[in-house]
Amino acid sequence: MSQLTQPSRYGLPSLFVSLWFPALLLIACILLVAFGVSGSSTGVYWSYFGTGQDPSLLMGEPRPIRSDEWLVQSSWVMSQYQQGFGTFNQTLPGGMDATVQNDLPTLDWSSIFRPHLLGFLALPLDQGMAVRWWLPACVMVGACYSFVVSLLPKHPLSATLLSAALFLTPVIQWWFLPTTIWPVALAFLAMTGIVWTLRHPARWVRVVWAAAIAYVAVATAMSIYAPFIVPAALVVVFFLIGFSLSESRDQGVPFRTVLVRLVPLIAAGVGAAVVLSLWIATRLDTIRALFETVYPGQRFEKTGTVGLEGLMGLMGGPFDQALLNDGVEGLGGNQSEAASVLMVALFLLVPLIWLITQQWAENRTIDWLSMSVVACTSVILAFMFLPGWDSLAHLLLLDRSSASRLRLGLAILGIVSVVVLSERLSKARIRSVPWSVSWVTSGAVLLSVVVPWAYFRTSAPETIALSPSWKIAAVLIIVCAVAFSRQWIFAGSVAFLLASAIVGLGVNPLYLGVFELNETAVGTEVRKIDSREPGTWVGIGSYVPTAVLVQSGVEAMNGVQTYPPEEMWDEIDPSGEYEDVWNRLANVGWEPGSGEPTVSSPVRDQIRITFDSCSSFGQDRVDYVLTDAPLDQECAVLLDEVNEGPSQHFIYQVTPG
């Protein structure tokens, strides 16, 4: 076994160490896809249409808060199925570009760079959804493992545990979507590629890594979701600078030699930029419409916006078990916004700073790699808590993210700090940091738990009550801090994984297939009526009528618009009176009203419009209405009443008054 794990002469992992765990991940991914199992929360619809236990729910429970997944993106995916995967989805009048945002399968050339969507084009819906769920996650976990063993080639088991801990991090689990996962996967893939590029002499190795990184970079960038891309990219940039400077000194080569070795990566970056430029150029109107919206448009965040509650939420990782219960307060915002990380990156700053000062004191050299980790962590924390440097933050693109999304960077840094500390101690031939440093580190962990506990005890006691294992999680994090500083890597990795499992396991369910609204009685009736006499629909009431109309693929004025379709809004608001209200990324819904439509936005990502079937708009532009409550309007004639499980829906036809 020792021969299988023996590093190569370049200090890189052996072929066995490099491939055994990624191979297991691939096998697991294939099995999950074959059985159509995913973590989708589309089972939320069961409470509306089913009775008893949902037979497709294998484990856990669907999460209503994850509506971006089960209500928005999954509904548009099924709409694409109904419409044949066109590049423009024709549900909203005038159509909406399906190749930009909402992460939808299309027959466009850009789908080549969206591997998680290719399953929809070749496999049944259930298997396609499983590919979309698991492929980015497997790449992320595999890339994290590869990064760890690239710097710590003798520790494949610890790398496996750390990768699993990353997967279970609350901020990843509560935001679990390809748009969240790909940036993390790219970060670890890029950092791994940097290590191999600078340490392996073979040109083909550098080219292969460069090509893989460029491909994933394009897949990540096509999500156009900067709030998660920015923190991941920030970590990579700091690591690139720190590792390049360290390798130049450690290998005794001029820095220009290091730059020459990075040429394949630079060329790959140029190639990725060319592909993205072509992608943008071929849908420039869509990109322009998106950036000209009121929300998200040109949205920038200010520095130092996190207050006391935000600080407690950030440090409250051991209490994130409470988020498994709806309506928990104290951790900040809803469950997704409140999801934090186990702040290993913060606690390991203590031994990293000791290492930096020790090396400087002994030989007046700077440990650039450790310095880069400390600097990156400090920049992220400064953006959260230190106001007054907005111009610099804008230059670094930090204001394109937000305090809650930047936590993703701290999740990545948690793994990076562990690996860099261990690697640097090995390079310096120091078995561990002094016990005094270990005790200071563990004391910082203890303080970071006691302060939030005291805060929650008075302001949100239910947070403590709903986190029965917070003490165990806290002890495990202390074990992490001590173990990693003592170079007990395996013990620290076990503790890290157990702590992550306490706060992150069970967030998403295991679900067999997809709950498809087209197979419900009301979905079947909508498609039946529309196929007999096609028309334009409006959904009134809760989100269910909207989801039914979107998934059915009929023309409807409901659904989440990534940008406002010009034709639809010319019909609803011909004078442009409400343009500041509807010119945004938002879920468009309707409610009964009187007269011509009035438009309001109760929250920034919601649009509510009034509907009167006897108005000029109703008479000229709408043919059918789907509601989950009776509609008492003179010009709406009941066509059908559909009852299924506890739900009741009504279908009306708009007629002259």
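See the structure printed just above.
Below or above, wherever it landed, is the structure these notes cover. (Residues numbered from 1 in each chain as written. Predicted model: local features only at pLDDT ≥ 70, side-chain atom pairs only at ≥ 80, totals over all residues. Heavy atoms only, no water.)

Per the secondary structure count, the protein chain includes 29 helices and 14 strands. Compactness check: the protein chain gives a C-alpha radius of gyration of 26 Å against a globular reference of 26 Å for 657 residues, within 12% of the reference. Referenced to the eigenvectors of the C-alpha coordinate spread, the extents of the protein chain come out at roughly 90 × 55 × 50 Å. Counting the 657 residues in the protein chain, one finds 58% classified as buried. Within the protein chain, residue pairs in contact and separated by at least 24 positions form 71% of the contacts whose partners lie at least 6 positions apart. Carbon and sulfur atoms provide 63% of the accessible area of the protein chain, an area that totals close to 25,600 Å². (Helix = DSSP H or I, 4+ residues; strand = E, 2+ residues; numbered from the N terminus. Rg over C-alpha atoms; globule rule 2.2 N^0.38 Å. Buried < 20%, exposed > 50% of the residue type's maximum accessible area, 1.4 Å probe, protein only. Contact = heavy atoms within 4.5 Å. Areas by Shrake-Rupley, 256 points an atom, 1.4 Å probe, with all protein chains shown as cover.)

Moving on, we get to helix H9 (residues 203-221). In an α-helix, one turn spans 3.6 residues, which is why side chains three or four residues apart end up on the same side. Taking 1.5 Å as the rise per residue, H9 with 19 residues should run 27 Å; its terminal C-alpha atoms sit 27 Å apart, in good agreement. Inspection of H9 places Val205, Arg206, Trp209, Ala210, Ile213, Ala214, Val216, Val218, Ala219 and Thr220 among the buried residues, and these make up the whole buried set. Where H9 is buried, its residues touch helix H8 (178-199), helix H10 (226-250), helix H11 (255-261) and helix H12 (263-281). (Expected span 1.5 Å × (residues − 1).)

Its 25 residues give helix H20 (residues 403-427) an end-to-end C-alpha distance of 35 Å, which sits within 8% of 36 Å, the value for a rise of 1.5 Å per residue. When the local axis directions of H20 are compared, the greatest deviation, roughly 25°, occurs at Leu413. In terms of burial, H20 is a largely internal element, 22 of the 25 residues being buried. In the stretch just after H20, Arg429 is the one whose phi turns positive, near 55°. (Bend = angle between axes of the 7 residues up to and from the residue.)

Here the focus is the pattern of salt bridges. If charged atoms from side chains of opposite charge come close, those side chains can pair. Summed over all chains, the structure comprises 13 salt bridges. Of the charged contacts in the structure, one is a salt bridge between Glu61 and Arg63, with a shortest N-O distance of 3.8 Å. A residue is classified by how much of its surface remains accessible, and Glu61, at 41% relative accessible area, is partly exposed. Residue Arg63 is classed as buried on the basis of its relative accessible area of 4%. Across the pair Asp390 and Lys302 runs a salt bridge whose closest N-O atoms are separated by 3.8 Å. Within this pair, whereas Asp390 is found in helix H19 (residues 390-395), its partner Lys302 is found in the loop between helix H13 (284-291) and helix H14 (308-315), the two being separated by 88 residues in sequence. Taking the relative accessible area as the measure of exposure, Asp390 reaches 31% and is therefore partly exposed. Relative accessible area serves as the criterion here: at 55%, Lys302 is assigned to the exposed category. Here the salt bridges share partners, and the residues they tie into one network are Arg199, Glu247, Arg249, Asp250, Asp367, Glu423 and Arg424. (Salt bridge = Lys/Arg side-chain N within 4 Å of Asp/Glu carboxyl O.)

As a further point, take the pairing of strand E11 (residues 606-611). Where strand E9 (residues 586-592) meets E11, 6 bridges bridge the pair, whose relative direction is parallel. Bridge pairing in E11 places Gly589 opposite Arg608. Inspection of the sheet shows strand E10 (residues 599-600) paired to E11 by 2 bridges, in the antiparallel sense. Residue Ser600 lies in a different strand from E11, and its bridge partner there is Arg608. (Pairing = 2+ DSSP bridges.)

Before going further, it helps to spend a moment on the layout of surface pockets. In this structure, the second largest pocket spans a volume of roughly 700 Å³. In terms of lining residues, the second largest pocket is bounded by 27 residues, among which Ser18, Leu19, Pro22, Ser146 and Trp209 are the most central. For the lining of the second largest pocket, the element with the highest residue contribution is helix H5 (residues 125-151), accounting for 8 residues. Among the residues making up the lining of the second largest pocket, the classes are represented as 20 nonpolar, 7 polar and no charged. (1 Å grid on protein atoms, 1.4 Å probe; cavity = no way out; pocket = protein on both sides within 12 Å on 5 of 7 lines; lining within 4 Å. Points joined across faces, edges and corners; volume = space filled by probe spheres on them. Nonpolar A, V, L, I, M, F, W, Y, C, P; charged D, E, K, R; others polar.)

Here the focus is empty space enclosed by the protein. Within this structure, the stated rule accounts for 6 cavities of 30 Å³ or more. Taken as a whole, the largest cavity spans an internal volume of roughly 80 Å³. As for the largest cavity, its lining consists of Ala165, Leu166, Thr169, Pro170, Val341, Leu342, Leu410, Ala411, Gly414, Ile415, Phe496 and Ser500. Elements with a contribution of two residues or more to the lining of the largest cavity: helix H6 (156-167), H20 and helix H24 (489-504). When residues in the lining of the largest cavity are grouped by element, the largest group, 4 residues, is from H20.

Its location among the elements puts Val581 in helix H28 (residues 579-582). Through-space distance from the C-alpha of Val581 to that of Thr293 is 9.9 Å; in sequence the pair is 288 residues apart. Beyond its immediate sequence surroundings of up to four residues, Val581 is in contact with Val599, Ser600, Ser601 and Ile607.

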